[in-house]
There are 2 protein chains.
Amino acid sequence: MPAIAIGPLADETGIKIPTIRYYEEIGLLPSPPRSRGNRRLYPMAAIGRLRFIRHARDLGFDIDAIRQLLTLADQPDHSCAEADRLARIHLDDIESKIARLEALRDEVRHMVADCAQDRIRQCRVIEVLADHGQCRHDHPPASSPVINNR
Amino acid sequence: MPAIAIGPLADETGIKIPTIRYYEEIGLLPSPPRSRGNRRLYPMAAIGRLRFIRHARDLGFDIDAIRQLLTLADQPDHSCAEADRLARIHLDDIESKIARLEALRDEVRHMVADCAQDRIRQCRVIEVLADHGQCRHDHPPASSPVINNR
DNA sequence: TCTTGCTTCTCTAGTCGCTAGAGATTGTAG
DNA sequence: CTACAATCTCTAGCGACTAGAGAAGCAAGA
Ligand SMILES: [Zn+2]
Ligand SMILES: [Zn+2]
Ligand SMILES: [Zn+2]
Ligand SMILES: [Zn+2]
């Protein structure tokens, strides 16, 4: 049966080789069989699986959600309620991150706009940073990670 | 001269004790003198410095920018151009993060809205994740970290 | 003085999702 | 047979903390 090595698989999916190995290590992608020389030989289906992972990552889903989504994707007859729920949770998350960033944006924008561009002594940026009481709107006091990396 | 211990300092500034020690370790906050029993005894000025750090972190500045901003804050006669520049860079950063998150939001929103809530086989969420070609708008292929944590 | 209990100390390791590099081996084309 | 490319394992690093272990210091009450 046809198989694909890790390099071509990386090219096909846009996921780097070390990342593919990392996904295997954390159990997101099943360990493929090996060649006589101990190299990974993936079934062609791995392409689709990795593309799914990649797209979900690009859309900001975290690994744990992707793990669940992959499990669901393998059960075509099952209700899709859980998949939809995961997507909605992610949507809420994105929206709250946007809200927080918009608050930060407004605050930083004001700092920059209000500065008369003179000495540090009168710099609005430094002043506001030194005292949250100088903030116009109130931005949240910072919380959870704002989104996963990449 | 008056001094403050790490616990009260944490209470005053809202920064946790291990984080204060971490800031010392990375050279963001100078090492304070110690008591006979080896405990940190901060000058009262440390309160202001930590509040500055906290506020800047809450506004999403990264540690490196904060390091520079603190240095600038100590030079009242210097021009504030550099401080303003750092703030503008941060503003641009926030804005591009918002733009990216808005693209993700639109995409995920559509996935959820378009799903007929039936079997996984026809689940729009799973379908779209499996194939970026099904995306309506094009979201960026993921890139740099979206914002620093907390 | 002794004890109780809180605070602080140092040190290590874990978080998330990778990324980079060293050094060894395997595979392939000319 | 010789290059050279691809892959292997393993370790360590990123940013900005957070959590926990185990030891030591310190203040107040009995
Ligand atoms: Zn200024
Ligand atoms: Zn503020
Ligand atoms: Zn669905
Ligand atoms: Zn897409």
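Residues numbered from 1 in each chain as written. Chains lettered and ligands numbered in written order. Predicted model: local features only at pLDDT ≥ 70, side-chain atom pairs only at ≥ 80, totals over all residues. Heavy atoms only, no water.

Undergrad: How would you explain the overall build of chain A if you had to name every residue and give the values?
TA: Summing up its helical and strand segments, chain A has six helices and two strands in all. Reading the secondary structure of chain A in the N-to-C direction produces β-α-α-β-α-α-α-α. Since a compact globule built from 150 residues should have a radius of gyration of about 15 Å, the 23 Å found for chain A marks it as more spread out than a globular shape. For chain A, the spread of C-alpha atoms along the three principal axes comes to 70 × 40 × 20 Å. The burial tally for chain A puts 43% of its 150 residues in the buried class. Residue pairs in contact within chain A that sit at least 24 positions apart in sequence constitute 54% of those at least 6 positions apart. Surface exposure of chain A reaches about 7800 Å², of which carbon and sulfur atoms provide 50%. (Helix = DSSP H or I, 4+ residues; strand = E, 2+ residues; numbered from the N terminus. Rg over C-alpha atoms; globule rule 2.2 N^0.38 Å. Buried < 20%, exposed > 50% of the residue type's maximum accessible area, 1.4 Å probe, protein only. Contact = heavy atoms within 4.5 Å. Areas by Shrake-Rupley, 256 points an atom, 1.4 Å probe, with all protein chains shown as cover.)

Undergrad: So what about the relation of the copies chain A and chain B? Which residues, and what values?
TA: Screw-axis analysis of chain A against chain B gives a translation of 0.0 Å along the axis, an RMSD of 0.1 Å, and a rotation angle of 180°. Taken together, the rotation and translation relating the two chain copies correspond to the operation of a two-fold axis. Proximity to the rotation axis, assessed at the C-alpha, singles out Ile-98 of chain A in chain A; its C-alpha lies 2.9 Å from the axis. Of the interface residues in chain A, 100% have counterparts in chain B that sit at the interface too, so the contact is made through matching surfaces. (Least-squares fit on C-alpha atoms with pLDDT ≥ 70 in both.)

Undergrad: Explain the domain arrangement of chain A to me, using residue names and the numbers behind them.
TA: Interface size is often expressed as the accessible area that is lost when the parts come together. Residues and elements named next belong to chain A. For chain A, the assigned domains are domain 1 (3–73) and domain 2 (81–134). In this structure, domain 1 and domain 2 have C-alpha centres spaced 36 Å apart. Taken together, the contact pairs seven residues of domain 1 with six residues of domain 2. For the pair domain 1 and domain 2, the summed buried area comes to about 490 Å², and 77% of that belongs to carbon and sulfur atoms. Summed over the shared surface of domain 1 and domain 2, the result is zero salt bridges. At the boundary of domain 1 and domain 2, one finds two residue pairs in polar contact (both at pLDDT 80 or more). Among the residues forming the side of domain 1 that touches domain 2, the class breakdown is five nonpolar, two polar and no charged. (Domains from an automatic or database assignment. Buried area = accessible area lost by both parts, 1.4 Å probe. Salt bridge = Lys/Arg side-chain N within 4 Å of Asp/Glu carboxyl O. Polar contact = N/O pair within 3.5 Å; in protein donor to acceptor, adjacent residues only side chain to side chain. Nonpolar A, V, L, I, M, F, W, Y, C, P; charged D, E, K, R; others polar.)

Undergrad: Go over the coordination of the zinc ion (ligand 4) with me, naming the residues and quoting the values.
TA: Protein coordination of the zinc ion (ligand 4) is provided by His-55 of chain A (NE2), His-132 of chain B (ND1), Cys-135 of chain B (SG) and His-139 of chain B (NE2), with donor distances spanning 1.9 to 2.2 Å. Around the zinc ion (ligand 4) sit four donor atoms, and with donor-metal-donor angles ranging over 103 to 118° the site reads as tetrahedral. In this pair, His-55 of chain A sits in helix α3 (residues 45–58) while His-132 of chain B sits in the segment after α6 (124–130), so the two residues belong to two different chains. For His-55 of chain A, a relative accessible area of 4% puts it in the buried group. (Donors = N, O, S within 2.8 Å, 3.2 Å for Na, K, Ca; no water. Tetrahedral: all angles 85-135°; square planar, octahedral: opposite > 155°, others 65-115°.)

Undergrad: Let's hear about the coordination of the zinc ion (ligand 2): which residues, and what values?
TA: Taken together, the protein donors to the zinc ion (ligand 2) comprise His-132 of chain A (ND1), Cys-135 of chain A (SG), His-139 of chain A (NE2) and His-55 of chain B (NE2), at separations of 1.9 to 2.3 Å. Classification of the site at the zinc ion (ligand 2) rests on its four donor atoms, whose angles at the metal span 102 to 116°, yielding the label tetrahedral.

Undergrad: Could you give an account of unusual backbone geometry, with specific residues and numbers?
TA: Residues and elements named next belong to chain A. The backbone of Gln-117 sits at a positive phi, close to 60°, despite the residue not being glycine. In this fold, Gln-117 is placed in the loop between α5 (81–114) and α6 (124–130). The class of Gln-117 is partly exposed, set by a relative accessible area of 48%.

Undergrad: Describe the interface of chain A and chain B, and please don't skip the residues or the numbers.
TA: Contact residues are listed per partner, giving 64 residues for chain A and 65 residues for chain B. Among the residues of chain A in contact with chain B, His-55, Ile-120 and Leu-129 of chain A are the three that bury the most area, contributing 12% of the side total. For the pair chain A and chain B, the interface holds four salt bridges. A salt bridge links Glu-95 of chain B to Arg-109 of chain A; the nearest nitrogen and oxygen atoms lie 2.7 Å apart.

Undergrad: Break down helix α1 (residues 6–13) of chain A for me, citing the residues and quoting the values.
TA: Residues and elements named next belong to chain A. Along α1, the positions that sit buried rather than exposed are Ile-6, Leu-9, Ala-10 and Thr-13. Seen end-on, α1 carries its buried residues on one side only, within an arc spanning 100°. Once α1 finishes, Gly-14 follows within two positions and takes phi at roughly 75°, a positive value. (Arc of directions from axis to C-beta.)

Undergrad: Mind laying out the UniProt feature "domain: HTH merR-type" (unreviewed entry) in chain A, listing which residues take part and the relevant values?
TA: In this structure's numbering, the residues bearing the UniProt feature "domain: HTH merR-type" (unreviewed entry) are residues 3–72 of chain A. Secondary structure across residues 3–72 of chain A divides into 59% helix and 6% strand, with the first and last C-alpha atoms of the span separated by 25 Å. (UniProt positions renumbered as here; feature names shortened; annotations may be inferred.)

Undergrad: Which residues make up the packing of helix α3 (residues 45–58) of chain B against helix α4 (residues 63–73) of chain B, and what are the values?
TA: Residue and element names in this part refer to chain B. The interhelical angle for the contact between α3 and α4, taken along N-to-C directions, is 140°, at an axis separation of 10 Å. With respect to each other, α3 and α4 are oriented oblique. Of the two elements, α3 crosses α4, and the hand of that crossing is right-handed. Counting all contacts with α3, which are made through Arg-49, Phe-52, Ile-53, Ala-56 and Arg-57, the residues of α4 involved are Ile-63, Ile-66, Leu-69, Leu-70 and Ala-73. Here the residues of the contact of α3 with α4 sort into eight nonpolar, no polar and two charged. (Axes fitted to C-alpha atoms, helices over the stretch in contact; angles between N-to-C directions. Parallel < 35°, antiparallel > 145°, perpendicular 65-115°, else oblique. Left-handed = near helix turned anticlockwise from the far one by under 90°.)

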